[in-house]
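Results of the structural survey
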Amino acid sequence: MLLLAVFLAFPVLMALWVSVSDWRGVGSPFSGDVGFVGTDNYANILTGGSLQQRDFGTAMRNNVYYVLLVVPIQTAVALGLAVLVHTKALKGRGFFRTAFYFPSVTSAVAITVLWLFLFNSTGAVNAMLGWVGIDGPNWFGDARGIIHTALGAVGVDAPAALTDHRALGITWWEWLAGPSFAMSAFILLAVFTTSGTFMLLFIAALNNVGDEVEEAGMVDGANAWQRFWHLTLPMLRPTLFTVLTLGLIGTWQVFDQIYTGTQGGPAKTTLTPAYLSFQTSFNSQRWGEGAAIAFILFAIIVVLTLLQRWALREKS
């Protein structure tokens, strides 16, 4: 309890105070010259049309697409890999388990640098795309969203109905840009590095299901897909909730790949709330706003986790 208080509870309460104060990073945040400003730091981020609000809106837009794509894809890939290596007919299951898990234990900095090399405009990924006649994009130099790029290819321009309205400082049309090519590369990186970890969780759950469930389904005449969908998958519900929750938390807190790789570029299309919180605090010395971003992010994660728990609850 003492360790939790010193290293968790007290820093959280301290950060909460910073988020409602005018502390500038000099001296103690509890000194007498630090004043209480209420919700001003939160208001600067969420309202007013300021640059801070626009940056936060851009970071939220980027992270929403990151979450919507990474969480379901990595969960599906992890479950598919688990089912594959759980099959008794597969030879060398231990080798494949190790191979699939290996990216998860690789240094995040090292694998991000490798990703920058692979997705360079003249890198291996574009070279392979060229073999099939596709002119690969400038992954870390093109600031366009993939949805805007696809719409532009068929001659669709920004409609006035979407450019005249704003949310969190950016237009509805900007919200519909989709992930940039750089963020798309980071999405693939996240799936590549995290699927192996979640695969292990699914393997442990599959081992607990037992062969008798599979045999009972076969006796009842269910085919392989029916046995998986109606028997195995419902029994994996607790593990599925764990994987989705961990994936949700991890994707909303993405930081190290952004810091190592692009630092928010190009044109802030890889900016995330976690990196914006760091940048606002440590680079711009606006510690109150940086802490406020962190607590807004915390609230988003808690609310989405509760909604996810409700969606995956046991139904009578």
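My aim in this report is to walk through the structure given alongside it, one point at a time. The model shown is predicted, which means the values in this text are computed figures rather than measured ones.

1. Details of the environment of Met-128
You can see Met-128 is positioned in helix 6 (residues 124-131). Relative accessible area serves as the criterion here: at 46%, Met-128 is assigned to the partly exposed category.

2. Topic: the environment of Thr-197
Relative to the helices and strands, Thr-197 is located in helix 10 (residues 181-209). Here Thr-197 falls in the partly exposed class, since its relative accessible area comes to 33%. Placed 188 residues apart in sequence, Thr-197 and Ala-9 show a C-alpha to C-alpha distance of 29 Å. Here Ser-104 takes part through its side chain, which lies 3.1 Å from a polar atom of the side chain of Thr-197.

3. Re helix 10
An α-helix turns once every 3.6 residues. As a result, residues three or four positions apart point the same way. Between its first and last C-alpha atoms helix 10 spans 40 Å; for 29 residues at 1.5 Å apiece the expected length is 42 Å, and the two agree. Gly-210 occupies a position one or two residues after helix 10 and carries a positive phi of about 90°.

4. Things to note about the packing of aromatic side chains
Taken as a whole and judged by the stated rule, the model has 20 aromatic pairs. Ring-pair connections join several aromatic residues into one group, and the members of that group are Trp-23, Phe-255, Tyr-259, Tyr-275, Phe-278, Phe-282 and Trp-287.

5. Remarks on the pattern of salt bridges
Considering all chains together, one arrives at four salt bridges under this definition. Two residues, Asp-142 and Arg-144, come together in a salt bridge whose shortest N-O distance is 2.7 Å.

Rules used in this analysis
- Residues numbered from 1 in each chain as written.
- Predicted model: local features only at pLDDT ≥ 70, side-chain atom pairs only at ≥ 80, totals over all residues.
- Heavy atoms only, no water.
- Helix = DSSP H or I, 4+ residues; strand = E, 2+ residues; numbered from the N terminus.
- Buried < 20%, exposed > 50% of the residue type's maximum accessible area, 1.4 Å probe, protein only.
- Polar contact = N/O pair within 3.5 Å; in protein donor to acceptor, adjacent residues only side chain to side chain.
- Expected span 1.5 Å × (residues − 1).
- Phe/Tyr/Trp six-rings, centres within 6.5 Å; stacked < 30°, edge-to-face > 60°.
- Salt bridge = Lys/Arg side-chain N within 4 Å of Asp/Glu carboxyl O.

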